[in-house]
Each structure stands twice: as structure tokens, then as C-alpha cells.
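# Breakdown of the fold
Residues per chain are reported as follows:
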Amino acid sequence: MTTVRIPAGWPATEEEARAVQDELRGRVILDEPGPPPGAGTVTGVDVAYDDERGVVAAAAVALDAATLGQVAEATAVGEVSFPYVPGLLAFREIPTVLAALAALDRDPGLVVCDGYGLAHPRRFGLACHLGVLTGLPTIGVAKNPFTSTYEEPAAPRGSSSPLLSGGERVGRALRTRAGVKPVFVSVGHRTGIDNACAHTLALTPRYRIPDTTRRADALCRLALRNAVGRPGAPG
DNA sequence: GCGACAG
DNA sequence: ATCTTGTCGC
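Residues numbered from 1 in each chain as written. Chains lettered and ligands numbered in written order. Predicted model: local features only at pLDDT ≥ 70, side-chain atom pairs only at ≥ 80, totals over all residues. Heavy atoms only, no water.

Taking an unreviewed UniProt entry as the reference, chain A is identified by name as Endonuclease V belonging to Streptomyces caeni. According to the UniProt record, the Function (unreviewed entry) comment for chain A reads "DNA repair enzyme involved in the repair of deaminated bases. Selectively cleaves double-stranded DNA at the second phosphodiester bond 3' to a deoxyinosine leaving behind the intact lesion on the nicked DNA." For the record of chain A, the UniProt heading Sequence similarities (unreviewed entry) holds the text "Belongs to the endonuclease V family." (UniProt positions renumbered as here; feature names shortened; annotations may be inferred.)

As C-alpha cells, this is what we get:
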């Protein structure tokens, strides 16, 4: 497997990265309902890092939306393209994630990101960025509210409450398991919040985190071990 | 200025 | 994200 290099012209400073976000934000499409849940393909993407070696591994795992059975997977390894800066996560993950998606054997359908879409300080999180660059429908499902605030949703699974940022509703805190901390769903690109939440619930029949993200997480960690050190790698 | 801060 | 043992519970 080849290593994904940092693209030419990739932002090198926080200022440049924020300028890119400001420029691309206008290309987000928010007036499409997006793929309805229960049919088609849903793909999860995630990345793992070895910052000491400057290596990042990405994975894309495609599931049949109706059965949640896995239908395809792909990985890519690359150079870490940006430091971790809250609000600029996309610049750290996107080049390698794009390569993993490109290596997938079929149309990804809806892409589920581990992070934010609109629920972002500048309304342009990872899911929006990835959507604009690929043209694919995307959503963000995060484990923490970051700069947003929310009222605790009711205890039953499926309950939700608005995610607020600067007085705007930027997503929903969605309870995927009764009595357990909710996840934070926001729209990325070409998808509506109702479908985003419906997909999230369909992807969490058993765990708080979507199956797509869970499988992509396991796969990218494996890919990282395969690429660098090897406590636990076959071969 | 200080603290908070997706992964 | 990542560093990390045991342990409580379904």
C-alpha cells in the first residue's frame, strides 16, 4: 500500500485553514433530505494516529443499511497533515479519509463521520468538509458537545433535544441507549437532520456509537498497527 | 487575559 | 486521539 502524502497547497497554519473553511462553507448543500434510512449503503469513516511517527491510518466500512451487514471496507495510510486544533480537525483527517473512500469498491452512500457537521464554531465541521469535497451526503455523530450546549434528553432511547450554538440549533443531542449519555448529531452535506437522526438510531441497535463508526474505528487501528509498530499485528 | 475545546 | 489493570455487570 502507498502512503498518502500531504496534498500540495494544503493549509500550513491555522489562519490558512480557517480561510479555507470560510471559502468552502458556502458550498454546503442543506436543502436536500438525504437518503432515507433502511435502504441503500451507509459508510463509516474514522482515523487513528501515531503522532510520534507522524502516521495516520484511515478506514471506510460500508454496511447494508437494512441489515447492518458489512458489504465493503478499505483503508489508507498517510502522513499526518495538520496538528490537532479544536475546530480544525478536518485538516488532520481528510486527505487519508479521501483515499480510503476512493479505495472502496462501491458507492459509499451516506457517509457517517466521527465528529461534527454544522455543530461547529464556524458551521463547517469535518462532515461538511468531507461532503463538499466528495459531493456525497454526510452526517456527523460526535461523542461530545464541544462548544454547543443542550438540555438533557428524556431517558428513553430515541429521545432528543436541540444542540445549541450561538443561539442557533445546529443539531441534536440524541439518546441512542436508554439512560446513557447521548450522541451529538449534526448535518454535514446533502442531508436533513431528521434523516441524520433516523440513520443514527438505525445504526445503534445495541451500542451508543453507530456500528459504522465502531467498525471503522477497529479497522483503522488495525491498519495503523500494520503500518507501524506491531503489538498485535499478524505477519 | 483565562478557560474550554470534535478527534 | 493516546497512555493503561482490574473490575463490575449483562
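Right, let's get into the environment of D211. As for its placement among the helices and strands, D211 is situated in helix α5 (residues 211-227). On a C-alpha basis, the gap between D211 and P162 in space is 23 Å, while along the polypeptide they are 49 residues apart. Setting aside residues up to four positions removed in sequence, D211 forms contacts with L63, L68, L203 and P205. (Helix = DSSP H or I, 4+ residues; strand = E, 2+ residues; numbered from the N terminus. Contact = heavy atoms within 4.5 Å.)

Most of strand β2 (residues 41-50) is tucked away, with eight of its ten residues classed as buried. With ten bridges joining them, β2 and strand β3 (residues 55-64) adopt antiparallel strand pairing. Its bridge partner lying in β3, Y49 is registered against V56. In this antiparallel pair of consecutive strands, β2 and β3, the connection spans four residues, and G54 shows a positive phi of 65°. (Buried < 20%, exposed > 50% of the residue type's maximum accessible area, 1.4 Å probe, protein only. Pairing = 2+ DSSP bridges.)

What follows is about the sheet that holds strand β4 (residues 70-79). Across the sheet, ten strands lie side by side as β1-β4-β3-β2-β5-β6-β10-β9-β8-β7; this open sheet has mixed pairing. Edge positions in the open sheet fall to β1 (3-4) and β7 (149-150), since each of these has one partner strand only. For strand β6 (residues 138-142) and strand β10 (residues 183-189), the ladder comprises five bridges, and the chain directions are antiparallel. Bridging across to β10, I139 finds its partner in V187. Packed onto the sheet, helix α2 (residues 90-102) meets β1, β2, β3 and β4 and runs at close to 50° relative to β3. Contacts from α5 reach β2, β3, β4 and β5 (110-113), with the element oriented near 145° to β3. (Axes fitted to C-alpha atoms, helices over the stretch in contact; angles between N-to-C directions.)

All right, on to the protein's contact with DNA strand B then. Residues in close proximity to DNA strand B total 17 residues, the closest being Y84, Y116, K143, N144 and F146. A share of 50% is what sugar and phosphate atoms reach among the atoms of DNA strand B within 4 Å of the protein. One of the backbone nitrogen or oxygen atoms of L88 is found 3.4 Å away from a base nitrogen of DNA strand B. Within the backbone of L126, a nitrogen or oxygen atom sits 3.2 Å from a base nitrogen of DNA strand B. Residue classes in the surface near DNA strand B are distributed as eight nonpolar, five polar and four charged. (Near = heavy atom within 4 Å. Polar contact = N/O pair within 3.5 Å; in protein donor to acceptor, adjacent residues only side chain to side chain. Nonpolar A, V, L, I, M, F, W, Y, C, P; charged D, E, K, R; others polar.)

Surveying the vicinity of DNA strand C reveals the residues A48, Y49, K143 and R221. By residue class, the composition of the surface near DNA strand C is two nonpolar, no polar and two charged.

This part covers the pattern of salt bridges. Taken as a whole and judged by the stated rule, the model has 13 salt bridges. The partner of E14 in a salt bridge is R18, with the nearest N and O atoms 3.5 Å apart. Taken together, the residues span about one helical turn, with E14 and R18 both in helix α1 (residues 14-24) at a distance of four residues. A salt bridge links D114 to K143; the shortest N-O distance between them is 2.8 Å. (Salt bridge = Lys/Arg side-chain N within 4 Å of Asp/Glu carboxyl O.)

Rolling a probe over the atoms, with the probe sized like a water molecule, indicates the empty space that remains. If you walk through the whole model with that rule in mind, you get one cavity of 30 Å³ or more. Estimates place the volume of the largest cavity at around 30 Å³. Lining the largest cavity are V45, D46, V47, E93, V97, C113, L126 and L130. Those elements that provide at least two residues to the lining of the largest cavity are β2, α2 and α3 (126-134). Per-class residue counts for the lining of the largest cavity are six nonpolar, no polar and two charged. (1 Å grid on protein atoms, 1.4 Å probe; cavity = no way out; pocket = protein on both sides within 12 Å on 5 of 7 lines; lining within 4 Å. Points joined across faces, edges and corners; volume = space filled by probe spheres on them.)

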